[in-house]
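Structural characterization, general
So you can see what is in the structure, the chains are spelled out below.
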Amino acid sequence: MPDNDKNEKVSLPFFGIPKILPYVKGYRPEILIMIVTGLLGSIIDVLIPLYQRYALNHFVGEGTLDTLPLFILIYVASILVTAVGNYINGYLAQKLESSINRDLRALAFRHLQTLSFSYYNQNSVGYIHSRVMSDTGRIGILFSWSLVEGSWQMAYLVGAIVVMLVVNARLALLILLVLPLIAVFFSIFQAKLISTNRQVREINSRITGNFNEGITGARTIKTLAVEQRIGKDFTDETANMRRTTVKAARYRGLFASTISLASSLALAIVLWKGGMLAAEDVGTFSLFMSYATGMMEPVRWVIDCISDFITTQVNIERLTKLLGTKSDVTDSEEVLAIYGDVFEPKKENWEEIRGDIEFRDVTFKYPDGEETVLEHFSLKIPFGSSIAIVGETGAGKSTLVNLICRFYEPTKGQVLIDGRDARERSQLWLHSALGYVLQTPHLFSGSVRENLLYGNPNATDEDIERALKLVSADDVVAKLEKGLDTDVGEDGSLLSTGEKQLISFARAVLADPKILVLDEATSSVDTITEQKIQAAIDTIIKGRTCVMVAHRLSTVRNADCILVVKGGKIVEQGRHSELLALNGYYRELYTRQYEDEATADVLK
Ligand SMILES: Nc1ncnc2c1ncn2[C@@H]1O[C@H](COP(=O)(O)OP(=O)(O)OP(=O)(O)O)[C@@H](O)[C@H]1O
Ligand SMILES: [Mg+2]
């Protein structure tokens, strides 16, 4: 995984908070109510020992019950207020947690839709997945449960300390001596706990990564017979995870027992120094007993919440980094103002696309690539023509196609659509007029019909039938048990690659695009189907600009112009017969392939 926890550590404890505030500020009223009810609850928590003190001194010590009804009333009312406060806080915290989760996830997902191909090349699925799912989850908890607990317990601590100081400053200061002791233990354990927790997360993301690869690469793993090694890696990592989690549990346990030790110590101080007090002022004695024992648990909570705040900084950092990632390909403000964005297109301002494409002195290097793939490349593809791009593996064919589709933008130079720089119009404007059948076809989970409707949501069954027939995919669908309603599985895994190609071909045709891009669109179908598709292509391309990338040269014979690419440069160009007559690189490629196919035929 290119990115991991290590290079995203944050040094300053609350560094990330301001970055996330804009995303949660909509919940200010709820957060405020939560803090206020928390404060109210903690005031009552602080008052209870005072009530007890009054009851002991007044009712027991002085032996009068004159104020008992009022006392009971106030006591019950206080308890009711705490109960209501608890309810409001629990409800609001849960609501906030889920609302913040929902908002951040939706935002992250929406933002991911706007990012260009290079983001997905640079970041693994596992990495992106944990940004959208687990980071948002941790942030949701921070602004709900941690905040409510933290503020409630902190207020209780402050209140208890103030009351103790007012009632008996000497005894109070003695008890407070325990706090620095806790602080020392806190710094020791908490630092270790934070670092162990970080290790747990790092191991966890490695395990998720391994697991992802284990599933997506299951077939390759089987064919390479490396199950044992992959299995061992996985078991090693999970064992490592267990070890580290147990270590974290040990620190947590040690820390918890320190807290209870501190409680006992505080109690011992009260008994030792306050014993004398008990004789003359049993109420104050009981008050100190209550605070001494009740104070340490909040200390632990507050410390836990602070460490939550610290550790969640990493999650905030990573999520805000994702949300702040700018796509390599963006529409300018002026373009967005006219054409609208992906989510709110202003189709009324869109001009009709014709389909002229031109590369003007284009130099291109992939954002994360080392080498320049295209250099001073120029080419005109007039509307209605069909262009074929051929060349050996890695020659730059898909790169040309990616630039036409504006999945990437030229490093230098321009790609023009209908005579204007592609950047002068929105990406969606272009993509809406574009049909693209990929080298590696992708289908969504769902039925065949649902997949086809992605091409054109308004297509009728007749349109679908026609499109399927045109690309010879009708046989494929007829063979399927439930026809168009057959489930294709995740990424079409229940279909063969060739079948997937045909379906995605039909999907592209249904969209009725002005520009049709076929990148090895028929590389996985048999020769007979390919011939049928070839005939279909001749029909489909009428009235469209068509750019085809093909390995099998027999499929491009009919193209208006064949570009022979080598090392990102066009070395030859012309019609099939002209290129053969040139007796150059194309002829060499063609003869070699022809010979290969002839040999294959002989061997059959
Ligand atoms: N996302 C990427 N980042 C960096 N370099 C890339 C990327 N994609 C392709 N390249 C490089 O650009 C060059 C051209 O690749 P391209 O995919 O255009 O080749 P191609 O002609 O389509 O090959 P094939 O016939 O195998 O599909 C190759 O050297 C490749 O290594
Ligand atoms: Mg390619």
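The following paragraphs examine the structure supplied in this document. Every value quoted in this text rests on a predicted model; they were computed, and no experiment measured them.

1. Describing the pattern of salt bridges
For the structure on display, the rule yields 23 salt bridges. Note that Glu-237 and Arg-206 form a salt bridge whose closest N and O atoms lie 2.9 Å from each other. Residue Glu-237 is located in helix α9 (residues 227-280), and its partner Arg-206 is located in helix α7 (residues 178-216); the two are separated by 31 residues in the primary sequence. Put simply, Asp-236 and Lys-232 hold a salt bridge, and the shortest N to O gap is 3.0 Å. Of this pair, Asp-236 and Lys-232 both sit in helix α9, four residues apart, roughly one helical turn. Asp-236 gets classed as partly exposed once you look at its relative accessible area, which sits at 40%. Taken together, the salt bridges that share partners define one network made up of Glu-351, Arg-420, Glu-424 and Arg-425.

2. Topic: the site of ligand 1
Near ligand 1 there are 16 residues, and of these Gly-394, Gly-396, Lys-397, Ser-398 and Thr-399 occur at the shortest range. Asn-121 places a side-chain nitrogen or oxygen 3.1 Å from a nitrogen atom of ligand 1. In isolation ligand 1 has 630 Å² of accessible area, and contact with the protein removes 68% of it. Among the elements that line the shell around ligand 1, the one with the most residues is helix α13 (residues 397-404), at three residues. Here the shell around ligand 1 is composed, by residue class, of four nonpolar, nine polar and three charged.

3. Quick word on the packing of helix α18 (residues 497-510) against helix α19 (residues 527-540)
How two helices sit against one another is set out by the angle between their axes and by the gap between those axes. Remark: α18 packs on α19, axes separated minimally by 13 Å, with the N-to-C direction vectors making an angle of 10°. It follows from the interaxial angle that α18 and α19 lie roughly parallel. When α18 is examined against α19, the residues Leu-502, Phe-505 and Val-509 are found in contact with a partner set consisting of Thr-529, Ile-533, Ile-537 and Ile-540. Of the residues in the contact of α18 with α19, the class split is six nonpolar, one polar and no charged.

4. A closer look at the packing of helix α2 (residues 28-61) against helix α5 (residues 125-167)
Viewed as axis vectors pointing N to C, α2 and α5 meet at an angle of 35°, and their least axial separation amounts to 8 Å. Read as a crossing pair, α2 and α5 show a hand that is right-handed. The residues of α5 that touch α2, namely those facing Ile-31, Met-34, Ile-35, Thr-37, Gly-38, Leu-39, Gly-41, Ser-42, Asp-45, Val-46, Leu-50 and Arg-53, are Phe-143, Ser-144, Leu-147, Val-148, Ser-151, Trp-152, Ala-155, Tyr-156, Gly-159, Ala-160, Val-163 and Val-167. By residue class, the composition of the contact of α2 with α5 is 15 nonpolar, seven polar and two charged.

5. Side note on the environment of Lys-346
Note on placement: Lys-346 falls in the loop between α12 (333-339) and β1 (357-365). On a C-alpha basis, the gap between Lys-346 and Trp-429 in space is 9.6 Å, while along the polypeptide they are 83 residues apart. With sequence-adjacent residues up to four places away left out, Lys-346 is seen in contact with Leu-336, Ala-337, Ile-338, Tyr-339 and Gly-340. Reaching out from Lys-346, the side chain makes a polar contact with the backbone oxygen of Ala-337 at a distance of 2.8 Å.

6. Observations regarding helix α6 (residues 169-176)
Buried within α6 are the following residues: Leu-171, Ala-172, Ile-175 and Leu-176. One side of α6 holds all its buried residues, which, seen down the axis, span an arc of 135°. Across from the buried face of α6, at angles greater than 90 degrees, the exposed residues are Arg-170 and Leu-173. Residues of α6 that are buried make contact with α5, α7, α9 and α10 (282-294).

7. Description of the sheet that holds strand β9 (residues 561-566)
Note: strands within a sheet are paired through backbone hydrogen bonds, in either parallel or antiparallel orientation. The six strands are arranged β6-β7-β8-β3-β9-β10 in an open sheet whose pairing can be described as mixed. Edge positions in the sheet fall to β6 (434-437) and β10 (569-574), since each of these pairs with one other strand and no more. Along the sheet, successive strands turn relative to each other by an average axial angle of 15°, direction set aside. Bridge count between strand β3 (residues 386-391) and strand β8 (residues 545-549): four bridges; the pairing is parallel. Residue pairing for β8: Ile-389 is matched across the bridge by Val-549. On top of the sheet, α18 reaches β6 and β7 (515-519); it is set at about 175° to β6, its chief contact.

8. A look at the nonpolar core
If you look at the biggest cluster of nonpolar residues, it comprises 48 residues, and the most contacted ones within it are Val-448, Leu-452, Leu-468, Phe-505, Leu-518, Ile-562 and Tyr-586. No other element matches the seven residues that α18 contributes to this core. What Phe-505 contacts, discounting residues up to four positions off in sequence, is Val-437, Val-471, Leu-518, Ala-521, Thr-522, Ile-533, Ile-537 and Ile-540. Listed in part, the 37 residues of the second largest apolar core include Ile-381, Leu-403, Val-547 and Cys-561.

9. Notes on the pairing of β7
It is a general feature of regular strands that their side chains alternate between the two faces of the sheet. Here β7 lies mainly inside the structure; five of its five residues are buried. Burial along β7 is two-sided: Ile-515, Val-517 and Asp-519 facing one way and Leu-516 and Leu-518 facing the other are all buried. Looking at chain direction, β6 and β7 are connected through four bridges and run parallel. Considered in β7, the bridge of Val-437 is made with Leu-518. In the sheet, β7 pairs with β8 via five bridges, with the strands oriented parallel. Each bridged residue has a counterpart across the sheet, and for Asp-519 the counterpart in β8 is Val-549.

10. A closer look at helix α16 (residues 461-470)
Turning to α16, its buried residues are Ile-464, Ala-467 and Leu-468. Relative to the axis of α16, the buried residues are bounded by an arc of 100° and lie together on one face. Across α16 from its buried face, at more than 90 degrees, point the exposed residues Glu-462, Arg-466 and Lys-469. On its buried face, α16 is in contact with α15 (448-453), α17 (474-479) and α18. Ser-472, located one to two residues past α16, shows a positive phi value of around 60°.

Conventions adopted
- Residues numbered from 1 in each chain as written.
- Chains lettered and ligands numbered in written order.
- Predicted model: local features only at pLDDT ≥ 70, side-chain atom pairs only at ≥ 80, totals over all residues.
- Heavy atoms only, no water.
- Salt bridge = Lys/Arg side-chain N within 4 Å of Asp/Glu carboxyl O.
- Helix = DSSP H or I, 4+ residues; strand = E, 2+ residues; numbered from the N terminus.
- Buried < 20%, exposed > 50% of the residue type's maximum accessible area, 1.4 Å probe, protein only.
- Near = heavy atom within 4 Å.
- Polar contact = N/O pair within 3.5 Å; in protein donor to acceptor, adjacent residues only side chain to side chain.
- Areas by Shrake-Rupley, 256 points an atom, 1.4 Å probe, with all protein chains shown as cover.
- Nonpolar A, V, L, I, M, F, W, Y, C, P; charged D, E, K, R; others polar.
- Axes fitted to C-alpha atoms, helices over the stretch in contact; angles between N-to-C directions.
- Parallel < 35°, antiparallel > 145°, perpendicular 65-115°, else oblique.
- Contact = heavy atoms within 4.5 Å.
- Left-handed = near helix turned anticlockwise from the far one by under 90°.
- Arc of directions from axis to C-beta.
- Pairing = 2+ DSSP bridges.
- Core = buried A, V, L, I, M, F, W, Y, C linked by side-chain atoms within 4.5 Å.

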